[in-house]
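Residue-level listing of the chains:
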Amino acid sequence: MTIQNNKPKLAKRVKNELKFRELTVKSKQKIAGCFYRIILAGNQLAGFSSQGFDDHVKVFFPVGSEKCVLPEITSDGIVWPDGPRPAARDYTPLAFDAERNELTIDFFIHDGGIASQWAEAAKPDDTLVIGGPRGSLVTPEDYAWQLYVCDESGLPAVRRRLLSLPENINVQVLVNCSQPQTQDYLSEFTNTRIEWLNSESISAKLQSLAIPATDYYVWITGEGAEVKQLSDDLLTTHSLDADYVRAVAYWHKK
């Protein structure tokens with residue numbers, strides 16, 4: 001493995017105060033046929049911070065018709081009220097408007113998902129609870145060569161990243177795509193090389209990529225076992241510096 005000696009442009013971690021917030025659905029829009037874009041609002045968003053493009057908030061979903069009740073943060077940890085604890089999933093904050101106290105989250109629609117079911121039924125004035133982000137990984141935007149590999153679960157983070165990058169950056173995106181309409185999700189990024197593939201095609205593509213020796217950044221997310229395999233293969237095949245390769249499991253097969 002090649003290790004860059006000078007370690008320029010490393011990502012930096014920042015911590016946030018842990019806080020839980022009860023928010024209200026302001027609007028819902030279907031995006032690309034397979035995402036619900038939901039804007040959540042509330043004065044409790046004051047002080048919200050999300051500095052990393054792949055940050056996540058913990059979204060807590062109501063149990064039946066019951067509203068989520070905010071937990072208490074104590075010196076002994078997080079204490080939830082008596083009764084069933086609400087189910088939770090991690091989601092990327094797509095956008096935050098501090099002036100309006102509005103947080104935008106895109107929910108991928110898929111069978112059997114509690115978050116998908118909630119988003120499908122969500123309507124204005126419905127409420128839910130979010131927690132975090134507890135911290136952010138702030139990744140420089142000016143790497144000369146950048147690669148993003150994901151499935152649908154990682155697309156909101158990729159979208160947020162592409163919206164922030166300078167125009168002169170060499171960016172490639174490889175998406176493990178299960179639904180053809182998903183391609184519309186990034187259709188506005190006409191100057192970015194985006195390929196919609198399957199697992200096998202992505203693996204083969206990574207093997208043949210010409211990656212520069214320096215000033216690169218690679219981001220891989222998706223199903224846990226697949227992410228690890230792709231990351232291990234990429235590090236071995238191309239002798240990359242692991243400090244510039246971020247591989248994160250967004251979900252796991254049962």
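It should be noted that the structure appears before, not after, this text.
An account of the accompanying structure is given in this report. (Residues numbered from 1 in each chain as written. Predicted model: local features only at pLDDT ≥ 70, side-chain atom pairs only at ≥ 80, totals over all residues. Heavy atoms only, no water.)

Looking at the nonpolar core
For clarity, the threshold we go by: For this analysis, a nonpolar core means a set of buried residues of the types Ala, Val, Leu, Ile, Met, Phe, Trp, Tyr and Cys, connected via side-chain atoms within 4.5 Å. Buried, partly exposed and exposed residues are distinguished by accessible area as a fraction of the type maximum, computed with a 1.4 Å probe on protein chains only: under 20%, between the cut-offs, and over 50%, respectively. Every helix listed is a DSSP run of H or I at least four residues long, and every strand listed is a run of E at least two residues long, numbered separately from the N terminus. Contact definition: two residues touch when any of their heavy atoms are within 4.5 Å.
Counting residues in each nonpolar core, the largest one holds 45 residues, and the members touching the most others are Tyr148 and Leu206. Elements supplying a minimum of two residues to this core: β12 (145-151), α2 (155-164), β13 (170-176), β14 (193-197), α3 (199-208), β15 (216-223) and α4 (224-238). Discounting chain neighbours no more than four positions away, the residues touching tyrosine 148 are Phe53, Val158, Arg161, Leu165, Val171, Gln172, Val173, Leu174, Tyr217 and Trp219. Core analysis: the second largest hydrophobic core is formed by 21 residues, Ile38, Phe48, Val57 and Ala115 among them.

Digging into the packing of aromatic side chains
Geometrically, a pair of aromatic rings is defined through the distance of the ring centres and the angle of the planes. What counts here: Only rings of Phe, Tyr and Trp enter the pairing, Trp through its six-membered ring, and a pair is recorded when the two centres are within 6.5 Å. The plane angle decides the type: under 30 degrees is stacked, over 60 is edge-to-face, the rest tilted. Both a distance and an angle decide whether a charge sits over a ring: NZ of Lys or CZ of Arg must be within 6 Å of the ring centre and within 35 degrees of the ring normal.
On inspection of all chains with the given rule, the structure shows 18 aromatic pairs. For the pair phenylalanine 20 and tryptophan 80, a centre-to-centre distance of 6.0 Å together with 75° between the ring planes defines the contact as edge-to-face. Highlighted residues: phenylalanine 20 in strand β2 (residues 20-31) and tryptophan 80 in the loop between β6 (77-79) and β7 (87-91), separated in sequence by 60 residues. Side by side, phenylalanine 20 and tryptophan 80 carry an identical accessibility label, which is buried. Connected via pairs of aromatic rings, a cluster forms that spans Phe53, Tyr143, Tyr148, Tyr216, Tyr217, Trp219, Tyr244 and Tyr250. The ring of tyrosine 36 carries lysine 28 above its face, with NZ or CZ at 4.7 Å from the centroid. Above the face of the tyrosine 185 ring, arginine 159 is positioned so that its terminal group lies 5.4 Å from the ring centre.

Examining the sheet that holds β2
Applied cut-off: The pairing criterion for strands is at least two bridges between them, as found by DSSP. Fitting a line to C-alpha atoms yields each axis, with helices limited to the stretch in contact; the angle taken between N-to-C directions then spans 0 to 180 degrees.
Read from one edge to the other, the open sheet built from 7 strands follows the order β7-β4-β10-β2-β3-β9-β8, with strand pairing classed as antiparallel. Both outer strands of the open sheet, β7 and β8 (95-97), are each paired with one neighbouring strand and no more. In this sheet, neighbouring strand axes are inclined to one another by 35° on average, regardless of whether the strands run parallel or antiparallel. Examined bridge by bridge, strand β4 (residues 57-61) and β7 share 5 bridges and lie antiparallel to one another. If you follow phenylalanine 60 over to β7, its bridge partner there is alanine 88.

Some words on the layout of surface pockets
Spelled out, the test is: Cavities and pockets are defined on a 1 Å grid built over the protein atoms alone: a cavity is a set of grid points where a 1.4 Å probe fits but cannot escape, while a pocket is an open set with protein on both sides within 12 Å along at least five of seven lines, and lining residues are those with an atom within 4 Å of any such point. Grid points are joined across faces, edges and corners, and a volume is the space filled by probe spheres set on the points. Three classes are used, and their members are as follows: Ala, Val, Leu, Ile, Met, Phe, Trp, Tyr, Cys and Pro are nonpolar, Asp, Glu, Lys and Arg are charged, and the others, Gly among them, are polar.
Computed from the structure, the second largest pocket encloses a volume of approximately 330 Å³. Partitioned by chemical class, the residues of the lining of the second largest pocket number 7 nonpolar, 4 polar and 3 charged.

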